[in-house]
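Residue strings, one per chain:
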Amino acid sequence: MRIGILGAGQLSRMLALSGIPLGFTFSFYEPNIEHCVNGLGSLIHKPYTDEKALTNFVNACDVITYENENIPVDTAQYIASLKPLYPNVLSLQTTQDRLLEKTLFEKLNIQTVPFQKIDSLHELELFLEKNSFPVVIKKRRQGYDGKGQLKLSSANDLSLLTDDFLNNCIVESYISFDREVSIIAVRNSTGDCRYYDICENEHKNGVLNQTFNKINDPMFKQAQQYINRIIEALDYVGCLAFEFFQKEDQLFANELAPRVHNSGHWTIEGSHTSQFENHLRAICNLHLGNTESKGVYQMINLLGKIPDSASLLSLDYLHLHHYQKSERANRKVGHLCLPVNPITQSYAEQLKKLLSV
Ligand code: ADP
Ligand code: MG
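Right, let's walk through the structure included here. (Residues numbered from 1 in each chain as written. Chains lettered and ligands numbered in written order. Predicted model: local features only at pLDDT ≥ 70, side-chain atom pairs only at ≥ 80, totals over all residues. Heavy atoms only, no water.)

Some thoughts on the packing of helix α1 (residues 10-19) against helix α10 (residues 275-283)
Each pair of packed helices can be described by the angle between their axes along with the distance between the axes.
Then comes step 1: One can describe the packing of α1 onto α10 by two numbers: an axis separation of 8 Å at closest approach and a directional angle of 75°. By the angle between their axes, α1 is roughly perpendicular relative to α10. Note on element contacts: α10 touches α1 through Phe 276, Glu 277, His 279 and Leu 280, opposite Leu 11, Met 14, Leu 15, Ser 18 and Gly 19. (Axes fitted to C-alpha atoms, helices over the stretch in contact; angles between N-to-C directions. Helix = DSSP H or I, 4+ residues; strand = E, 2+ residues; numbered from the N terminus. Parallel < 35°, antiparallel > 145°, perpendicular 65-115°, else oblique. Contact = heavy atoms within 4.5 Å.)

Right, dumping it as structure tokens:
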């Protein structure tokens with residue numbers, strides 16, 4: 001079975017690393033020159049609009065998937081006309097546009113913070129007549145890791161805005177949440193569905209900093225009901241991640257990711273089957289692996305640069321994932337995963353010291 005992946009970043013890398021032991025082979029299609037899939041399969045560097053290159057890529061594969069939701073819908077439609085593409089085009093189209101995504105939440109009775117489509121300062125002012133500061137403006141498309149977003153704390157901040165920036169945006173109320181959580185579900189095309197523990201996610205400047213899985217979390221049932229509504233509405237196949245804000249005992253839907261997700265990296269060590277392996281099983285319509293966790297795990301993103309690997313590896317229990325990416329401020333270049341249970345205070349202090357260098 002040859003699996004084609006659109007994109008060749010760390011998610012593609014970890015998909016391939018989990019699929020190679022199962023006997024899968026991989027082809028990657030990546031418009032950018034930078035990638036981190038060296039040695040993991042064949043790689044085509046062409047734009048998503050190059051029909052000839054896409055055709056060659058697709059013809060060599062049995063099934064196609066993607067590692068990010070910013071694939072042009074036309075490209076996805078073309079691929080889907082030739083070979084199975086999972087998650088399907090509707091899932092991609094809905095989740096790559098914050099307005100379509102939030103409108104789906106409304107339609108399915110999934111609670112969100114107040115939001116509205118805006119294209120101009122005037123439309124923003126109409127929202128502000130009914131809703132108070134702070135608010136967040138978000139580009140409808142292409143945003144990630146907090147990019148393409150602007151928080152406005154008061155009317156003074158309106159002077160920062162131009163109609164140009166406000167074109168193709170949504171505005172939403174800023175919520176002072178108690179915590180951020182996510183759930184990841186995986187479904188194959190027979191309809192079998194499994195769920196990982198809810199994760200508690202800590203972001204810094206819009207970028208995920210660390211994640212803990214929460215066994216038997218009181219919000220699990222609510223999150224599961226919400227993600228099931230999405231899966232059904234989109235006839236979804238593959239891993240799906242759903243991010244929420246929690247305030248008291250209420251969940252507010254933030255966003256979906258139609259793919260494996262950063263808050264699920266702990267599943268490589270912490271679950272009986274990782275999100276990466278289960279995504280591949282799902283798109284190949286195989287039996288899904290067990291998603292129970294082996295305990296509570298902590299995942300820490302490494303941003304910008306990898307601290308001294310040898311020192312990190314001198315710590316028992318710690319797993320290092322080095323993405324082989326060039327170092328750049330705030331870029332996700334690797335992650336750590338460790339079981340929480342055996343960690344003592346002196347261990348935690350040692351780790352903190354290594355991470356702060
Ligand atoms: P992305 O992850 O695609 O960059 P998000 O909408 O998830 O975009 O925003 C990134 C982070 O910014 C969130 O995880 C959260 O910490 C913060 N954030 C975004 N929207 C809001 C909001 N309406 N209220 C409070 N915090 C928010
Ligand atoms: Mg997010």
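Thoughts on the sheet that holds strand β2 (residues 25-29)
Then comes step 1: Ordered by their spatial adjacency, four strands build an open sheet running β3-β2-β1-β4, and the pairing between neighbours is parallel. With one partner strand each, in any of the chains shown, β3 (42-44) and β4 (63-66) form the two edges of the open sheet. Recorded for the sheet is a direction-independent mean angle of 25° between the axes of neighbouring strands.
Then comes step 2: Here three bridges tie β2 to β3, and the two strands are oriented parallel to one another. (Pairing = 2+ DSSP bridges.)

A look at the coordination of the magnesium ion (ligand 2)
Then comes step 1: Around the magnesium ion (ligand 2), the donor atoms from the protein are Glu 243 (OE) and Glu 255 (OE), and they sit 1.9 to 2.3 Å away. Of the two residues, Glu 243 sits in strand β13 (residues 238-247) while Glu 255 sits in strand β14 (residues 250-257), which places them twelve residues apart along the sequence.
Then comes step 2: Taking the relative accessible area as the measure of exposure, Glu 243 reaches 12% and is therefore buried. (Donors = N, O, S within 2.8 Å, 3.2 Å for Na, K, Ca; no water. Buried < 20%, exposed > 50% of the residue type's maximum accessible area, 1.4 Å probe, protein only.)

Looking at the packing of helix α2 (residues 51-59) against helix α3 (residues 73-82)
Then comes step 1: Between α2 and α3, the shortest axis-to-axis distance is 10 Å and the interhelical angle comes to 40°. Of the possible angle classes, the one that applies to α2 and α3 is oblique. As α2 packs across α3, the resulting crossing turns out to be right-handed. Contact with α2, carried on its side by Glu 51, Leu 54, Thr 55 and Val 58, involves Thr 75, Tyr 78, Ile 79 and Leu 82 of α3 and no other residues of that element. (Left-handed = near helix turned anticlockwise from the far one by under 90°.)

Things to note about the nonpolar core
Then comes step 1: By size, the foremost hydrophobic cluster in this structure holds 34 residues, and its most contacted members are Ile 3, Phe 26, Phe 28, Trp 266 and Leu 280.
Then comes step 2: For this core, the elements supplying multiple residues, two or more each, are β1 (2-6), α1, β2, β9 (179-187), β13, α10 and β15 (297-303).
Then comes step 3: Residues Leu 104, Phe 105, Ala 185 and Phe 242 belong to the second largest nonpolar core, which totals 23 residues. (Core = buried A, V, L, I, M, F, W, Y, C linked by side-chain atoms within 4.5 Å.)

Here's the deal with the packing of aromatic side chains
Then comes step 1: Applying the stated criterion to the full structure yields nine aromatic pairs.
Then comes step 2: Lys 139 extends its terminal NZ or CZ atom over the ring of Phe 165, reaching a point 5.2 Å from the ring centre.
Then comes step 3: Note that Lys 151 overlies the ring of Tyr 174, its terminal NZ or CZ placed 3.9 Å from the centroid. (Phe/Tyr/Trp six-rings, centres within 6.5 Å; stacked < 30°, edge-to-face > 60°. Lys NZ or Arg CZ within 6 Å of the ring centre and 35° of its normal.)

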